Amino acid sequence: MKDLVIIIVNWNTQEMTIECLQSIYANGVKNSWSIVVVDNNSQDKSVELIKKKFPQVVLFENTDNVGFAAANNQVLRKVDAKNYLLLNSDTLVLGDVIKKSIAFINSEPTIGGVGCRVLNKDKTVQLTCSRFPTIINLLLQLFALDKFKKPSFLCRYQYRSWRRDSERDVEVISGCYLMLKREVVEQVGLLDENFFFFGEETDWCKRIKKAGWRLVFSPVGEIIHFGGGSVKKLKYKRDLLLSNAIVNLHKKHYGFISAAVVAIIIFLFTLTRGFGWGLIYLFSHKKDAKERSLHFIKSLPLLHTIWKRNLKFK
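Residues numbered from 1 in each chain as written. Predicted model: local features only at pLDDT ≥ 70, side-chain atom pairs only at ≥ 80, totals over all residues. Heavy atoms only, no water.

Student: Hey, could you run me through the overall build of the protein chain in this one?
Tutor: The helix and strand tally for the protein chain stands at 10 helices and nine strands. The C-alpha radius of gyration computed for the protein chain amounts to 20 Å, which stays within 12% of the reference 20 Å derived for 314 residues, consistent with globular compactness. Here the protein chain, with 314 residues, has 51% of them falling under the buried criterion. A fraction of 77% describes how many contacts in the protein chain between residues 6 or more apart in sequence connect residues 24 or more apart. For the protein chain, the accessible surface area stands at approximately 14900 Å², while carbon and sulfur atoms represent 56% of it. Averaging the coordinates of the 47 positive side-chain charges in the protein chain and doing the same for the 29 negative ones gives two points 5 Å apart. (Helix = DSSP H or I, 4+ residues; strand = E, 2+ residues; numbered from the N terminus. Rg over C-alpha atoms; globule rule 2.2 N^0.38 Å. Buried < 20%, exposed > 50% of the residue type's maximum accessible area, 1.4 Å probe, protein only. Contact = heavy atoms within 4.5 Å. Areas by Shrake-Rupley, 256 points an atom, 1.4 Å probe, with all protein chains shown as cover. Lys, Arg positive; Asp, Glu negative; His and termini not counted. Charge placed at Lys NZ, Arg CZ, Asp CG, Glu CD.)

Student: For this particular structure, what's the right way to read a nonpolar patch on the surface?
Tutor: A cluster of nonpolar side chains, Leu-139, Phe-143, Leu-145 and Phe-148, forms an exposed patch at the surface whose accessible area comes to about 380 Å². Secondary-structure assignment places Leu-139 in helix α5 (residues 135–142). (Patch = residues over 30% accessible without salt bridge, like charges linked within 9 Å, V, L, I, M, F, W, Y side chains within 5 Å. Salt bridge = Lys/Arg side-chain N within 4 Å of Asp/Glu carboxyl O.)

Student: How do you make sense of the pairing of strand β2 (residues 33–40) when you look at a structure like this?
Tutor: Counting buried positions over the eight residues of β2 gives eight, a clear majority of the element. Burial along β2 is two-sided: the residues Trp-33, Ile-35, Val-37 and Asp-39 and Ser-34, Val-36, Val-38 and Asn-40 are all buried. Pairing of strand β1 (residues 2–10) with β2 involves seven bridges; the strand directions are parallel. Across the sheet, residue Val-5 finds its bridge partner in β2, namely Ser-34. One crossover worth recording links β1 to the parallel β2 by way of helix α1 (residues 14–26), and it is right-handed. Where β2 and strand β3 (residues 58–62) come together, five bridges link them in parallel fashion. Counterpart to Val-37 in the pairing with β3 is Leu-59. Read from β2 through helix α2 (residues 46–53) to β3, the crossover connection turns out right-handed. (Pairing = 2+ DSSP bridges. Right-handed = clockwise from strand over helix to strand, strands pointing away.)

Student: Would you mind showing me how to read the packing of α5 against helix α9 (residues 256–284) here?
Tutor: Think of two packed helices as two axes; the pair is described by the angle between the axes and how far apart they sit. Following both chains from N to C, one finds α5 and α9 inclined at 10°, their axes separated by 10 Å at the closest point. Between α5 and α9, the interaxial angle falls into the category roughly parallel. Here Ile-135, Leu-138, Leu-139, Gln-141 and Leu-142 of α5 come into contact with α9, specifically with Ser-258, Val-261, Val-262, Ile-265, Leu-268, Phe-269, Thr-272 and Arg-273. Its residues assigned to classes, the contact of α5 with α9 comprises nine nonpolar, three polar and one charged. (Axes fitted to C-alpha atoms, helices over the stretch in contact; angles between N-to-C directions. Parallel < 35°, antiparallel > 145°, perpendicular 65-115°, else oblique. Nonpolar A, V, L, I, M, F, W, Y, C, P; charged D, E, K, R; others polar.)

Student: What's the story with the side chain of Asp-90 in this structure? I'm lost.
Tutor: In this structure, Asp-90 sits in the loop between β4 (81–87) and β5 (91–94). A polar side-chain atom of Asp-90 sits 3.3 Å from a polar atom in the side chain of His-225. (Polar contact = N/O pair within 3.5 Å; in protein donor to acceptor, adjacent residues only side chain to side chain.)

Student: Can you help me understand the packing of α9 against helix α10 (residues 287–297) in this one?
Tutor: Packing of α9 against α10 leaves a shortest axis separation of 8 Å and a crossing angle of 155°. One way to sum up the angle between α9 and α10 is to call them roughly antiparallel. The interaxial crossing formed by α9 with α10 has left-handed handedness. Contacts between α9 and α10 involve Phe-269, Thr-270, Arg-273, Gly-274, Trp-277, Gly-278, Ile-280 and Tyr-281 from the former and Ala-289, Lys-290, Arg-292, Ser-293, Phe-296 and Ile-297 from the latter. Residue composition of the contact of α9 with α10, grouped by class: seven nonpolar, four polar and three charged. (Left-handed = near helix turned anticlockwise from the far one by under 90°.)

Student: Please explain the state of the cysteines as it appears in this structure.
Tutor: Cysteine pairs can be linked by a disulfide, which is a covalent bond between their two sulfur atoms. The full count for this structure, using the stated rule, is zero disulfides. Lacking any disulfide linkage, Cys-20 is separated from the closest cysteine sulfur, that of Cys-176, by 11 Å. Of all cysteine sulfurs, the one in Cys-176 lies closest to Cys-116, which takes part in no disulfide; the gap is 7.1 Å. Judged by its relative accessible area of 1%, Cys-116 falls in the buried class. (Disulfide = S-S within 2.5 Å.)

Student: Can you help me understand the packing of aromatic side chains in this one?
Tutor: The geometry of two aromatic rings is summed up by the distance between their centres and the angle between their planes. This structure, assessed with the given rule, holds six aromatic pairs. With a centroid separation of 4.8 Å and 85° between ring planes, the pair formed by Trp-162 and Phe-217 is classed as edge-to-face. With Trp-162 in the loop between α5 and β7 (168–169) and Phe-217 in strand β9 (residues 214–225), this residue pair connects regions lying 55 residues apart in the sequence. Each member of the pair Trp-162 and Phe-217 is classed as buried. Judged by centre distance (5.5 Å) and plane angle (35°), the ring pair of Phe-256 and Trp-307 falls under tilted. Taken together, the positions of Phe-256 in helix α9 and Trp-307 in the segment after α10 put the pair 51 residues apart, joining distant regions of the chain. Take Trp-307: its relative accessible area is 30%, and that puts it in the partly exposed class. Following the ring pairs from residue to residue traces out a cluster consisting of Tyr-159, Trp-162 and Phe-217. It is Arg-168 that lies over the ring of Trp-162; its NZ or CZ is 5.1 Å from the centre. Positioned above the aromatic ring of Phe-132, the side-chain terminus of Lys-206 is 4.5 Å from the ring centre. (Phe/Tyr/Trp six-rings, centres within 6.5 Å; stacked < 30°, edge-to-face > 60°. Lys NZ or Arg CZ within 6 Å of the ring centre and 35° of its normal.)

The structure is reproduced here in structure tokens:
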């Protein structure tokens with residue numbers, strides 16, 4: 001049995017996936033590791049290039065875009081390992097973060113999952129790891145109160161007052177870099193495939209915490225996460241997918257009324273941001289303000305779709 005299986009889901013992110021794989025191998029890959037790329041029917045010749053440049057990588061080729069959860073589950077079902085690492089294709093691995101993550105997750109039997117320090121392209125810290133998107137947390141975001149670092153309650157959703165330089169138990173670890181023990185997957189089960197893209201790792205973390213496992217952020221090392229690799233071309237539809245995921249999270253864990261309240265919050269958030277940025281554009285004529293306004297306004301007529309069980313945009 002392998003010590004680690006690294007799972008990378010690829011959907012038309014040829015260059016990013018190649019660079020991600022190069023960064024892993026550049027920083028050392030042990031014989032006890034296996035790297036698996038699941039391709040969701042990419043049309044950019046990703047498969048051919050991966051086979052050519054990395055013949056040692058195990059490649060799963062799907063004939064359709066089955067989504068993030070289903071793609072990861074294919075590997076979790078078929079490949080045995082002591083630990084699994086979900087790694088986004090739009091990331092670069094820096095140094096020995098993977099080796100240190102393995103050592104950390106195996107250092108304490110109660111630790112079920114670990115996340116590392118994630119950086120933006122400009123090396124600023126990305127706010128990965130968060131609390132569950134409860135109604136209170138979403139309301140703080142709606143009224144932009146989460147931007148204030150004091151009192152700490154206001155920025156609690158994304159732990160904005162925390163510099164990501166210390167170990168901390170968290171509620172949700174981002175799926176861009178999420179390492180889990182085999183025992184966790186066996187006890188809690190696979191990712192919920194009703195979440196097509198977004199929400200699946202949040203739901204998973206919710207179930208993992210409920211089962212009694214610790215989810216821990218540790219500054220064991222760093223990765224760079226560019227963000228939006230597979231869904232960048234979806235533009236405002238990306239927000240609809242995210243909103244759909246949040247509504248379905250509440251349907252699943254808190255019931256219909258909670259989901260309805262969340263849908264109202266999302267509508268108000270989209271409406272206020274759309275017209276707010278529109279007003280800024282009228283007075284400043286800044287191009288980015290116009291683009292942001294249109295981004296939200298285009299979402300408004302389609303907000304009814306966030307009630308779907310499994311919203312998909314391909």
